[in-house]
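Chain by chain, the residues:
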Amino acid sequence: MDFRVLAVDDEADFIETLVKRFTYRKIPVTAAGSGPEALALLERDPAYDVVILDMRMPGMDGIAVLKELKKRHPLLEVIMLTGHASVEAGMQGMSLGAYDYVLKPVDFGELLEKARKASERKKLNEARAKA
Amino acid sequence: MIQDEFNKLRLKLIAISLAFSFIPLFSLGLGLYDRFYETYTDKVHGNLRNLVENKKTTIDMFLSERVAQLSTLALTEAYADMSNEKYLEHIFSVLQLHSKSFLDLQVIDQNGICVAYVGPYPLRGVDYGKEEWFGKAMAKGVHISDVFMGFRKYPHFNIAISRREGDKTWVLRAAIDSDIFDSLVRSVHLGKSGDAFILSTGHVLQTKPRFGHDMFDTLSFPDIPRFPGTRVEEFATGGQTSLFAMTWLNQKDWLLVIKDDPREELLPLYRARWLLILLLAGGSLLVIGGAVFIANSTVRQLIVAEREKAALDASLTQSSKMAALGKLAAGVAHEVNNPLAIIMEKAGWMRDLLSEEDIKASPNFGEFEDAVSKIEFHVRRAKDVTHRLLGFARRMEPTQEDLDVNLLLDQTRSFLENEASFRGIAFITDYQKNLPRIESDASQLQQVFLNIFDNAIDAIDKNGSITICTRAGTDNNEVEIAISDTGKGIPRETLEKIFDPFFTTKKVGEGTGLGLTISYSIIEKLGGHINVTSEEGKGTTFHIALPVGA
């Protein structure tokens, strides 16, 4: 598993379990409890492949974080976590550059699959950028 | 209740319209009639007044001329000459030159003995001393008698003039043919029943009237005291009401009367009255008809408006229910989703750990795995609810596709064909060919159809049919879809709540109570409408109308 994940959600229990499950699968993962924290983490160490980003967070919400993220790290792939069952919320995220979205409560298998594909695309884009 | 109110309003409208129409109509009609009546009767009375005035002048003039002639004779001639019959005859012939109405002439001495007479009867020597007229003539100087027959057997009257000559008084008396009065009054032409006559103070007729009476008859006539000028009155004599124009003669206490039939004289007035009544009746009928028509059509429109308003209210209530639910649902779903997500992850984590070798060896491993599976299953169930709630709450713009409703219905039906045939339920289709294609959202419509089919299958349970019927609406603006089942039907009280959120008759866990709510909201969003009719024991029909263009 050669990709790194940054999971951003204000629900500590949720993010903690997510970290455990990724780690259990030997996928390096870091947790951030808020958008600014995630941005700070990336500032220090931008070598992440996929960011799993919750839409609804107090203060800076998912969309704002996504915009900032894409501005600073255009190649980073983002998967939005949304409680909104609506296509439009996900679509909004995707139109702003997110790779995909996953509905909460999360089917971990689906999330993992999407994260893997996102990392593949990131690598592909990086290769293109270098070429 | 409402009907009563409308009936009251209708009557009120009619009453007000009638009042406002009748008051001016009748005041105008009656006012005009009154003016016309007054003017016309004034004219009729004026005519009669003129007529009676003219006749009076003529008769008075006749009498005063005769009196003047005789007075002149009496004053200019001497008793000695006049008592000579030869001379008197000469005078008489001179008189007759001017007026043929003198019948005779006589000279009477102060004792009342006729001393000279010229005329057709042998009256010389007759003693008038005891006669009333003689006394009056001697006292007043002039006396005009009433008309009478007397010795002459011929209607006439006398004028007697007394003259004082020295110490003697003598009287010149002439008999005058009263035929002149007859001819004068007869010349008054007064239609079919008009009449004219002269009455003495004792109501004795001095002329022969046209109808009913003869000369010298005493008429039953009210006592009319002497008055100046003329008077027109309407009163009844002998059981018949007539119009009387009356005047007292100046020369004699005779009442000249012109009688007229008011019905005849006022015929044009009566005609006008009938015309007025006819016009008023016609006008009234028109006004009543108009008032009733206006009131009826106004009330009818009000009823229609009221019904539309009620329908709109109902649909607004439903819409606002939906909107309120939408907000609530979104809030609840978000709040529930996060704990659900955590439970899901925790359960997932447990499942991860359960896959490890040493735990698998644990005697309770089966129980753990079962518990985790149950947790996951029920979290998914809860997730289903929250996602449907959010799906309902979302305000996504429906897509616009060119759709064949018949085809879409068939496709949707095919999903359930197996389930239906397993339960012995047949789909019967009654599609209109060449149904207009519509611009709408196929997947959302499919969700609605699926929902209704699903409910229909549940309602039938086993053995029955579901009939799907499509028709183009009026003006081809709408497509109407009716889906009927032969199920158990829906009780009235349930029917009212059928589109309400979380209303379900299914067992706990089988239905969320959101299917029809979402269907309702989808159809509304697509610009159509949905309603349901049901008969207990016979089945239920859902009617959906969808606009052809979006």
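Residues numbered from 1 in each chain as written. Chains lettered and ligands numbered in written order. Predicted model: local features only at pLDDT ≥ 70, side-chain atom pairs only at ≥ 80, totals over all residues.

### With respect to the overall build of chain B
Reasoning step 1: Along its length, chain B carries 13 helices and 16 strands.
Reasoning step 2: Residues classed as buried in chain B amount to 27% of the 550 residues present.
Reasoning step 3: Within chain B, contacts between residues separated by at least 24 positions form 62% of all contacts whose residues are at least 6 apart in sequence. (Helix = DSSP H or I, 4+ residues; strand = E, 2+ residues; numbered from the N terminus. Buried ≥ 20, exposed ≤ 12 C-beta atoms within 10 Å, placed from the backbone. Contact = placed C-beta atoms within 7 Å.)

### So, the sheet that holds strand 4 (residues 156–165) of chain B
Residue and element names in this part refer to chain B.
Reasoning step 1: The strand order across the open sheet formed by 5 strands is 2-1-5-4-3, and the pairing between neighbours is antiparallel. For this open sheet the edge positions go to strand 2 (114–118) and strand 3 (142–144), each flanked by a neighbour on one side alone. Going across the sheet, the axis of each strand differs from the next one's by a mean of 15°, ignoring polarity.
Reasoning step 2: This element, helix 3 (residues 85–98), spans strand 1 (102–108) and strand 2 of the sheet and lies at about 145° to strand 1. (Pairing = 2+ DSSP bridges. Axes fitted to C-alpha atoms, helices over the stretch in contact; angles between N-to-C directions.)

### A short note on the confidence of the model for chain A
Reasoning step 1: With 94% of its residues at a pLDDT of 70 or more, chain A shows a mean pLDDT of 88.
Reasoning step 2: Ranking the helices and strands of chain A by mean pLDDT puts strand 1 (residues 5–8) of chain A first, with 95, and helix 4 (residues 87–95) of chain A last, with 70. (pLDDT = per-residue confidence, 0-100.)

### Some remarks on the confidence of the model for chain B
Reasoning step 1: Scored by pLDDT, chain B comes out at a mean of 85, with 94% of its residues at no less than 70.
Reasoning step 2: Averaged pLDDT values over the elements of chain B bottom out at 78 in helix 6 (residues 262–265) of chain B and peak at 93 in strand 2 of chain B.

### Overview of the packing of helix 10 (residues 405–422) of chain B against helix 11 (residues 442–460) of chain B
Residue and element names in this part refer to chain B.
Reasoning step 1: Close contact between helix 10 and helix 11 brings their axes to 9 Å; oriented N to C, the two are set at 35°. With respect to the hand of their crossing, helix 10 and helix 11 are arranged in right-handed fashion. Residues Leu408, Leu409, Thr412, Arg413, Phe415, Leu416, Glu419 and Ala420 of helix 10 form the contact with helix 11, whose own contacting residues are Ala442, Leu445, Gln446, Phe449, Leu450, Phe453 and Ile457.
Reasoning step 2: Among the residues forming the contact of helix 10 with helix 11, the class breakdown is 11 nonpolar, 2 polar and 2 charged. (Left-handed = near helix turned anticlockwise from the far one by under 90°. Nonpolar A, V, L, I, M, F, W, Y, C, P; charged D, E, K, R; others polar.)

### Some details on the nonpolar core
Reasoning step 1: If you look at the biggest cluster of nonpolar residues, it comprises 53 residues, and the most contacted ones within it are B:Leu88, B:Val171, B:Leu172, B:Ile198, B:Leu256, B:Val257 and B:Ile258.
Reasoning step 2: Sort the elements by how many residues they give to this core and helix 1 (residues 2–76) of chain B lands first, with 8 residues.
Reasoning step 3: Judged by nonpolar contacts, the second largest core, of 43 residues, contains A:Leu42, A:Met55, A:Leu66 and B:Val379. (Core = buried A, V, L, I, M, F, W, Y, C linked by C-beta atoms within 7 Å.)

### Brief notes about helix 3 of chain B
All names here are of chain B.
Reasoning step 1: Across its 14 residues, helix 3 extends 20 Å between first and last C-alpha, which sits within 8% of the 20 Å expected from 1.5 Å per residue.
Reasoning step 2: Among all positions of helix 3, only Leu88, Ile91 and Phe92 are buried. The arc that holds every buried residue of helix 3, seen down its axis, measures 105°, which confines them to one face. Turned more than 90 degrees off the buried face of helix 3, the exposed positions are Lys86, Ser93, Val94 and Leu97. (Expected span 1.5 Å × (residues − 1). Arc of directions from axis to C-beta.)

### A look at the pairing of strand 1 of chain A
All names here are of chain A.
Reasoning step 1: Residues Val5 and Ala7 line one face of strand 1 and the alternating positions Leu6 and Val8 line the opposite face, and both faces are buried.
Reasoning step 2: Sheet topology places strand 1 next to strand 2 (residues 29–32); 4 bridges connect them, and they run parallel. Bridging across to strand 2, Ala7 finds its partner in Ala31.
Reasoning step 3: Read from strand 1 through helix 1 (residues 12–24) to strand 2, the crossover connection turns out right-handed. (Right-handed = clockwise from strand over helix to strand, strands pointing away.)

### A word on unusual backbone geometry
Reasoning step 1: A cis amide bond, omega -10°, links A:Lys104 with the succeeding residue A:Pro105.
Reasoning step 2: In this fold, A:Pro105 is placed in the loop between strand 5 (100–103) and helix 5 (108–130).
Reasoning step 3: The phi dihedral of B:His203 falls on the positive side, at around 65°, and the residue is not glycine.
Reasoning step 4: Topologically, B:His203 is positioned in the loop between strand 6 (195–199) and strand 7 (230–237).
Reasoning step 5: The phi angle at B:Phe216 is positive, at roughly 70°, despite the residue not being glycine.
Reasoning step 6: With respect to the helices and strands, B:Phe216 occurs in the loop between strand 6 and strand 7.

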